[in-house]
Amino acid sequence: MMMLRLAACAVLLLFVAVTVDAQPSEGCDGKMSVAMVVDTTSSMRKPLHQIKRHSKHMVNTLKDMQSHQVHDFVVVPFNDPETGPVFRTASSSQFLSFLDGLKAFGGGDCPERILTSVRLAAEASCPHSTISVFSDAEPKDTDQLGAILEIVQARQQHVVFVLSGSCGGHNTT
């Protein structure tokens, strides 16, 4: 639990640091996306609660900073075997409502289709964005790695993995 809190704070700090150095991009008016890929399998029940709580804190921090660097919010939930759909909004309240509606269910096997979700988030996010990935599993769709690397390098995006605990008896912390 403490590891997830520290990682969430690190993601927020990384996001703030990246916003300072962001360069203008087409279609996003030089702004960035707040992008998240979230594992909604039942093993993520407790971490999902923490993700929701820390997301509210992040949105409040961005409001307090009067940040005008956020173009939109992107969330890609995944659950075995489903991926997505991509949720994208410019409204922080709709972003938080969407997160609040996510429920942990199903799963029961590891690894998961994490990288397919990362690819979807990278494609939906503005250049120079940070994509935070929350899961407790390893990827089973490693065939997506080449495509993801091409996208994030071309768009100068950052992908941060926050692993919480273990899935299927494999320790991922």
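Remember, predicted model here, so these are calculated numbers, not experimental data.

The next point concerns the overall build of the protein chain. When helices and strands are tallied, the protein chain shows five helices and eight strands. Ordered by position from the N terminus, the helices and strands of the protein chain form the series α-β-α-β-β-β-α-α-β-α-β-β-β. Split into buried and exposed, the 173 residues of the protein chain put 49% on the buried side. The contacts in the protein chain between residues at least 6 apart in sequence include a share of 80% that link residues at least 24 apart. Accessible surface for the protein chain amounts to roughly 8500 Å². Of this, 55% is attributable to carbon and sulfur atoms.

The tally for this structure, following the rule as stated, stands at two aromatic pairs. Judged by centre distance (4.7 Å) and plane angle (20°), the ring pair of Phe73 and Phe95 falls under stacked. In this pair, Phe73 is assigned in strand β2 (residues 70-79) and Phe95 in helix α3 (residues 92-101), connecting sequence segments 22 residues apart. Each member of the pair Phe73 and Phe95 is classed as buried.

A cis amide bond, omega 5°, links Asp80 with the succeeding residue Pro81. By the element assignment, Pro81 lies in the loop between β2 and β3 (82-83). Its identity as a non-glycine residue notwithstanding, Asp29 has a phi of 55°, on the positive side. Positionally, Asp29 belongs in the loop between α1 (2-21) and β1 (32-39). The exposed category is assigned to Asp29, whose relative accessible area is 65%. We note that His128 has phi near 70°; this positive angle belongs to a residue other than glycine. Relative to the assigned elements, His128 resides in the loop between α4 (114-124) and β5 (130-135). By relative accessible area, His128 is classed as buried at 12%.

Parameters at a glance
Residues numbered from 1 in each chain as written. Predicted model: local features only at pLDDT ≥ 70, side-chain atom pairs only at ≥ 80, totals over all residues. Heavy atoms only, no water. Helix = DSSP H or I, 4+ residues; strand = E, 2+ residues; numbered from the N terminus. Buried < 20%, exposed > 50% of the residue type's maximum accessible area, 1.4 Å probe, protein only. Contact = heavy atoms within 4.5 Å. Areas by Shrake-Rupley, 256 points an atom, 1.4 Å probe, with all protein chains shown as cover. Phe/Tyr/Trp six-rings, centres within 6.5 Å; stacked < 30°, edge-to-face > 60°.

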